[in-house]
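Summary of the model geometry
Chain residues, written in single-letter form:
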Amino acid sequence: IGNTLTLNYQADRNGTVTVTVTANSNGLTSDDVLTVTVVGVDDPPGAANAIADVNGTEDAPDSTIDLSNTFNDPDDDNASITKSATSSDTSLVTIALSGDVLILTYQADQNGAATVTVTATSNGQTVDDAFDVTVTAVDDAPVVGNALSDVSVNEDASDTSIDLSNVFDDVD
């Protein structure tokens, strides 16, 4: 407009274009041509589909989360994105990765909350996606801690008292 040429670059686009600028004066024209080259840059991966928080119960079986569509790299093959993960509280939940599957293992007789952070790496650039894991306590049944010994007495024996205070254990 007027004496200003504005080049409007589009996000995540690169390439070369030839621009012709024409001047008009009293019916006469003059052209000038310039080449604009936008060089592509390596964009970092992004979290395309955030991982939802997880709620579980104490002593529950392992949970699995499919990470195959969690991250996206706009200028690289998503299959080449590598992933790693950490748990903020391994005494509550440990994590393992098997390909694109994240495995959450709940530790025995533990409850509380932890944050799991999954890191995606592509061409040396990273992005994190964190989610919360909440493990709810359950009432565990008591177990035999010290088994009772069998009793053998003669007929007409006097009563026998057995201390039961150390026989059973209850973790909660």
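Just so we're clear, the structure is a prediction, and the values are computed from it rather than from any experiment.

The next point concerns the overall build of the chain. Across its full length, the chain holds 0 helices and 13 strands. Traced from its N-terminal end to its C-terminal end, the chain shows the element sequence β-β-β-β-β-β-β-β-β-β-β-β-β. The C-alpha atoms of the chain give a radius of gyration of 34 Å, which is well past the 16 Å a tight globule of 172 residues would have. Summarising its shape, the C-alpha atoms of the chain cover approximately 135 × 30 × 20 Å along the three principal directions. Sorting the 172 residues of the chain into buried and exposed places 21% on the buried side. Pairs at least 24 apart in sequence give 56% of the contacts found in the chain among residues at least 6 apart.

What follows deals with the side chain of Thr119. With respect to the secondary-structure elements, Thr119 resides in strand β10 (residues 112-122). For Thr119, a relative accessible area of 19% corresponds to the buried category. Reaching out from Thr119, the side chain makes a polar contact with the side chain of Asp128 at a distance of 2.6 Å. Apart from the residues lying within four places of it in its own chain, the contact partners of Thr119 are Thr82, Lys83, Ser84, Thr126, Val127 and Asp128.

Attention shifts here to the sheet that holds strand β7 (residues 82-87). Ordered by their spatial adjacency, 4 strands build an open sheet running β4-β11-β10-β7, and the pairing between neighbours is mixed. Both outer strands of the open sheet, β4 (54-57) and β7, are each paired with one neighbouring strand and no more. Taken pair by pair, the neighbouring strands of this sheet meet at an average axis angle of 25 degrees, ignoring direction.

Formed by 21 residues in total, the largest nonpolar core has its most connected members in Ile65, Leu102, Leu104, Tyr106, Val118, Phe131 and Val133. Look past the residues within four positions of Tyr106 in its chain and what remains in contact with it is Val54, Ala60, Pro61, Asp62, Ser63, Leu92, Val93, Val133 and Val135.

One open sheet holds the 3 strands; their spatial order is β5-β9-β8, and the pairing between them is antiparallel. A single partner strand is all that each edge strand has here, and the edge strands are β5 (63-66) and β8 (93-98). Within this sheet the neighbouring strands show an average axis-to-axis angle of 20 degrees, counted without direction. With 6 bridges connecting them, β8 and strand β9 (residues 101-106) associate as antiparallel partners. Considered in β9, the bridge of Thr94 is made with Thr105.

Among the secondary structure elements, Ser122 is positioned in strand β10. At 2.4 Å, the side chain of Ser122 and the side chain of Asp73 are in polar contact. Every residue in contact with Ser122, bar those within four places of it in the chain, is listed here: Asp42, Pro45, Asp73, Asp76 and Ile81.

On to the pattern of salt bridges. Side chains carrying opposite charge are able to pair once their charged atoms draw close together. Under the definition given, this model contains 1 salt bridge. In this structure, the salt-bridge partner of Asp100 is Lys83, at a minimum N-O distance of 2.7 Å. Here the residue Asp100 occupies a position in the loop between β8 and β9, and Lys83 occupies one in strand β7, the gap between them amounting to 17 residues. Residue Asp100 is classed as partly exposed on the basis of its relative accessible area of 33%. Lys83 gets classed as buried once you look at its relative accessible area, which sits at 18%.

As a further point, take the pairing of strand β11 (residues 125-136). Looking at chain direction, β4 and β11 are connected through 4 bridges and run parallel. Directly across from Asn55, in β11, lies its bridge partner Thr134. The sheet contact formed by β10 and β11 spans 11 bridges and is antiparallel. Counterpart to Ala120 in the pairing with β11 is Val127.

Cut-off values and rules
Residues numbered from 1 in each chain as written. Predicted model: local features only at pLDDT ≥ 70, side-chain atom pairs only at ≥ 80, totals over all residues. Heavy atoms only, no water. Helix = DSSP H or I, 4+ residues; strand = E, 2+ residues; numbered from the N terminus. Rg over C-alpha atoms; globule rule 2.2 N^0.38 Å. Buried < 20%, exposed > 50% of the residue type's maximum accessible area, 1.4 Å probe, protein only. Contact = heavy atoms within 4.5 Å. Polar contact = N/O pair within 3.5 Å; in protein donor to acceptor, adjacent residues only side chain to side chain. Pairing = 2+ DSSP bridges. Axes fitted to C-alpha atoms, helices over the stretch in contact; angles between N-to-C directions. Core = buried A, V, L, I, M, F, W, Y, C linked by side-chain atoms within 4.5 Å. Salt bridge = Lys/Arg side-chain N within 4 Å of Asp/Glu carboxyl O.

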